[in-house]
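What the coordinates show
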Amino acid sequence: MKKILCCLMLVLFASSAWAIDIDFDTEEQEPVRLGIMNFTSKVYNVPDGMAAGISEFFATVLYKADNIKLFERSRLADIASELKLGMSGLVDPTSAAAIGKIAGLQYILLGSITNLSHGASGGVVPVPFVAFAVNTQKAKAELDVRVIDVETSEIVFAGRETGESSKSSTGLFTSWFGVSDVGFDGIEADAILNATVKLAPAIQKAITGRDTLTSQLQKELKKASKSSKTSSKTKSTSKKSKK
């Protein structure tokens, strides 16, 4: 009888311990508090003012991570101003950590654009007063990022990625102006966003221990691609029906 009671007690103890472990494992993790400084430019063809906008790319993508809480950049800028420090990635890790501590952050993201190039290839078929052209446009952007631990001022993540984008387009050029309806700005933005999407999951994993962005972004990109193809088919069908 004593043996049976002992066995029952052991089973109950093991069950309660297992239940406690489950409670710990399923406990929700508090979102990591992250601030993003303005990106800087290390290339001649991108002004710092334009490079600062890249921060918005990262804010848009990282906002999708449910375990990251982003600090409002305007408030971060106010704190930097009070400390007489800039909001740019030229701020050293110690200064960035000082800004982060006042803001109550755990991590600060610094970054820069180190390369941006674009080009086009194709031919033009001359027609009286109008030229019909087929162009293939390509752009390449390289981004360099670092994540600073606010408590220690240490770099907990450093990464560099290259994003590429290309777009084949057909359009009408006026023979005397030779101006294309499609500019390079959109292609460059796509290349920068491509590099951002590559870096964001690695940043998330470095500061939270989990990467949920990769699968989420892949689904969204597939959905966007499908929507784009459907839109193109609709336009093509519409043109044929008008003929």
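Bear in mind the structure is a predicted one, so any value in this text is a computation, not a measurement. For every chain, the first residue of its written sequence is number 1, and the numbers climb from 1 along that sequence. Totals for whole chains, interfaces and linings use every residue, but because this is a predicted model, local features are given only for residues with pLDDT of at least 70 and side-chain atom pairs only at 80 or more, for both listing and counting. The side-chain figures draw on all heavy atoms in the structure; neither hydrogens nor water molecules are used.

1. Points about the packing of helix α4 (residues 73-82) against helix α5 (residues 93-103)
We apply this condition: With axes taken as lines fitted to C-alpha atoms, and helix axes fitted only over the stretch in contact, angles between N-to-C directions fall between 0 and 180 degrees. Starting at the N terminus, helices and strands are each numbered in turn, a helix being any DSSP run of H or I of at least four residues and a strand any DSSP run of E of at least two. Crossing handedness is read from the near helix: turned anticlockwise from the far helix by less than a right angle, it gives a left-handed crossing, and turned clockwise, a right-handed one. Residue contacts follow a heavy-atom distance rule, with two residues in contact if any of their heavy atoms lie within 4.5 Å. Each residue gets one label: Ala, Val, Leu, Ile, Met, Phe, Trp, Tyr, Cys and Pro are nonpolar, Asp, Glu, Lys and Arg are charged, and the others, such as Gly, are polar.
Relative orientation of the contacting elements α4 and α5 amounts to 120 degrees, with a least axis distance of 10 Å. Judged by the sense of rotation from one axis to the other, the crossing of α4 with α5 is right-handed. In contact with Leu 76, Ile 79 and Ala 80 of α4, α5 contributes Ile 99, Ile 102 and Ala 103. Classifying every residue of the contact of α4 with α5 gives six nonpolar, no polar and no charged.

2. Observations regarding the pairing of strand β1 (residues 32-36)
Keep this limit in mind: Relative accessible area decides the class of each residue, using a 1.4 Å probe on protein chains only: under 20% of the type maximum gives buried, over 50% gives exposed, and in between gives partly exposed. DSSP bridges decide pairing: two strands pair if at least two such bridges lie between them.
The buried fraction of β1 amounts to four of the five residues, a majority that puts the element mostly inside the structure. Bridging between β1 and strand β3 (residues 68-70) involves three bridges; their strand directions are parallel. Bridging from a neighbouring strand, Val 32 pairs with Ile 68 of β3.

3. Points about the packing of aromatic side chains
Working definition: an aromatic ring pair is given by the centre-to-centre distance plus the angle between the planes. Quick reminder of the rule: When the centres of two rings from Phe, Tyr and Trp lie within 6.5 Å, Trp using its six-membered ring, the rings pair. Their planes under 30 degrees apart give stacked, over 60 give edge-to-face, and anything left gives tilted.
One pass over the structure, following the stated rule, counts one aromatic pair. Aromatic pair Phe 39 and Phe 58: ring centres 5.0 Å apart, planes at 20 degrees, arrangement stacked. You can see Phe 39 sitting in the loop between β1 and β2 (40-41) and its partner Phe 58 sitting in helix α3 (residues 54-62), a full 19 residues away along the chain. On the basis of relative accessible area, Phe 39 is assigned to the buried category, the value being 1%.

4. Some details on the confidence of the model for the chain
Stated formally: Looking at any residue, its pLDDT shows the predictor's confidence there, from 0 to 100.
For the chain, mean pLDDT is 75; residues scoring 70 or higher make up 65% of the total. Per-residue pLDDT stays below 50 along residues 10-26; that stretch engages in zero contacts with residues further than four places along the chain or on separate chains. Below a pLDDT of 50 lies the segment residues 169-184, which in the model reaches 34 contacts outside its immediate sequence neighbourhood of four places, other chains included.

5. Notes on the nonpolar core
Going by this rule: Here, nonpolar core refers to any group of buried Ala, Val, Leu, Ile, Met, Phe, Trp, Tyr and Cys residues whose side-chain atoms link them within 4.5 Å.
Of all hydrophobic cores here, the largest spans 34 residues; its most connected members are Phe 58, Leu 62, Leu 109, Ile 113, Leu 143, Val 145 and Ile 203. For this core, the secondary-structure elements that each account for two or more residues are β1, α3, β4 (107-127), β5 (130-149), α6 (185-208) and α7 (213-242). Among the elements that make up this core, the one with the highest residue count is α6 (eight residues). Those residues in contact with Leu 109 that sit more than four places away from it in its chain are Leu 34, Gly 35, Ile 36, Met 37, Phe 58, Leu 62, Val 145, Arg 146, Val 147 and Ile 203. Core analysis: the second largest hydrophobic core is formed by 14 residues, Ala 80, Ala 96, Ala 103 and Val 150 among them.

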